Amino acid sequence: MPLSKAPSVSHIRIDDAHHGQRIDNFLVRSCKGVPKSHIYRVLRSGEVRVNSRRVDQTYRLQEGDEVRIPPIRVAERPAEALVPMGKPFEIVYEDEALLVLDKPAGLAVHGGSGVSFGVIEQLRRQRPEAKFLELVHRLDRETSGLLIVAKKRSALTVLHDMMREGKVRKRYLTLVAGRWMNPLQHIKQPLYKFLTEGGERRVCVSPEGKPAHSIVRLQQRWKECSLVEVELKTGRTHQIRVHLSHAGFPLYGDDKYGDFALNKQLEKAGLKRMFLHAARLGFQHPLTDRLIELEAPLPPELQAFVCVVDQHQEREHG
């Protein structure tokens, strides 16, 4: 891999977009192509200075700090494919600190693991003037619905803390196989994450897993399926899909934990995706503490499939 021209010392003045960020994470993003081991080495050696003083890797940058970055030879990276502009996202809420969009199904929230781009890369392309846009949380690629993006690092930090403390109320709608009977049911089964032999990420219920808590509320029930709302009290990977599948109620259209034979029948009947939608969000604004409650209706393709079910199955509830 060819190397860039001889590097030189650079001085960067920290603005609001990087206020509160750890110096090691700032350097990783600023010095793309440099191995993390090398970045930590120059930090330990004292070659990186903040306001002419040595700092350790845990130092959090303050607005107005001046960072001295020593000469670091960076390997030139191949030109990355241009992220397509795509259609403008439907913005459900926006202010100076954050925005909430209604993510379409089939689009990853970020690039990586064989995906060249996602929501956040497209959003940055659509808003080149934005100094800071970062995901607050994630949704599975095939899940649609409400997704929070921070526009300020100060908002991101507070929202991450709120997520960890369970202070962001997230509710999803899903159509599952089977007749869900309980109006309200708590599922508290630990979830264990592992990789398959093919390198794919999977999750299962296991005593060795991390605590997970889902609250299921029955919305409608038909002869062969049920529409339920699931409130997440924890945010484990694939939590809804694994909890409900383990309970004997696989999500319609789920290609990882669902009923594969049934999914083929559902596809012929018009369901071309997993039936999972992030429908409601509630949280205190990270900077003003104002209560924000948002809702995104079922997308047209899911609402249309509910109508198909209504036409062909006898409704028992709701």
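Structure's up top.
About the cut-offs
- Residues numbered from 1 in each chain as written.
- Predicted model: local features only at pLDDT ≥ 70, side-chain atom pairs only at ≥ 80, totals over all residues.
- Heavy atoms only, no water.
- Helix = DSSP H or I, 4+ residues; strand = E, 2+ residues; numbered from the N terminus.
- Buried < 20%, exposed > 50% of the residue type's maximum accessible area, 1.4 Å probe, protein only.
- Contact = heavy atoms within 4.5 Å.
- Areas by Shrake-Rupley, 256 points an atom, 1.4 Å probe, with all protein chains shown as cover.
- Lys, Arg positive; Asp, Glu negative; His and termini not counted.
- Charge placed at Lys NZ, Arg CZ, Asp CG, Glu CD.
- Pairing = 2+ DSSP bridges.
- Axes fitted to C-alpha atoms, helices over the stretch in contact; angles between N-to-C directions.
- Parallel < 35°, antiparallel > 145°, perpendicular 65-115°, else oblique.
- Left-handed = near helix turned anticlockwise from the far one by under 90°.
- Nonpolar A, V, L, I, M, F, W, Y, C, P; charged D, E, K, R; others polar.
- Patch = residues over 30% accessible without salt bridge, like charges linked within 9 Å, V, L, I, M, F, W, Y side chains within 5 Å.
- Salt bridge = Lys/Arg side-chain N within 4 Å of Asp/Glu carboxyl O.

A word on the overall build of the chain
Okay, so step 1: Counting its secondary structure elements, the chain contains seven helices and 17 strands.
Okay, so step 2: With the principal axes as the frame, the chain shows a C-alpha extent of 75 × 45 × 45 Å.
Okay, so step 3: The burial tally for the chain puts 43% of its 318 residues in the buried class.
Okay, so step 4: Intrachain contacts of the chain at a sequence separation of at least 6 include 64% that bridge at least 24 residues.
Okay, so step 5: Accessible surface for the chain amounts to roughly 17200 Å². Of this, 49% is attributable to carbon and sulfur atoms.
Okay, so step 6: Side-chain charges in the chain split into 51 positive and 39 negative, and the spacing between the mean points of these groups amounts to 4 Å.

Quick notes on the pairing of strand β11 (residues 191-195)
Remark: a regular strand shows side chains that alternate across the two faces of the sheet.
Okay, so step 1: As defined by bridge partners, β11 adjoins strand β12 (residues 201-205) across five bridges and the pair is classed as antiparallel. If you follow leucine 195 over to β12, its bridge partner there is arginine 201.
Okay, so step 2: Counted between consecutive antiparallel strands, the loop separating β11 from β12 contains five residues, among which glycine 199 sits at a positive phi close to 90°.

Re the packing of helix α1 (residues 23-30) against helix α2 (residues 36-45)
Okay, so step 1: Where α1 meets α2, the closest approach of the two axes is 10 Å, and the angle between their N-to-C directions is 130°. With respect to α2, the element α1 is oriented oblique. Like other packed secondary-structure pairs, α1 and α2 cross with a definite hand, here right-handed. Residues Ile23, Asp24, Leu27 and Val28 of α1 form the contact with α2, whose participating residues are Lys36, Ile39, Tyr40 and Leu43.
Okay, so step 2: Grouping the constituent residues of the contact of α1 with α2 by class yields six nonpolar, no polar and two charged.

Let's talk about a positive patch on the surface
Okay, so step 1: Positive charge collects at one region of the surface, where Arg138, Lys193, Arg201, Lys210 and Arg236 lie side by side.
Okay, so step 2: Mapping arginine 236 onto the fold places it in the loop between β14 (225-232) and α5 (239-246).

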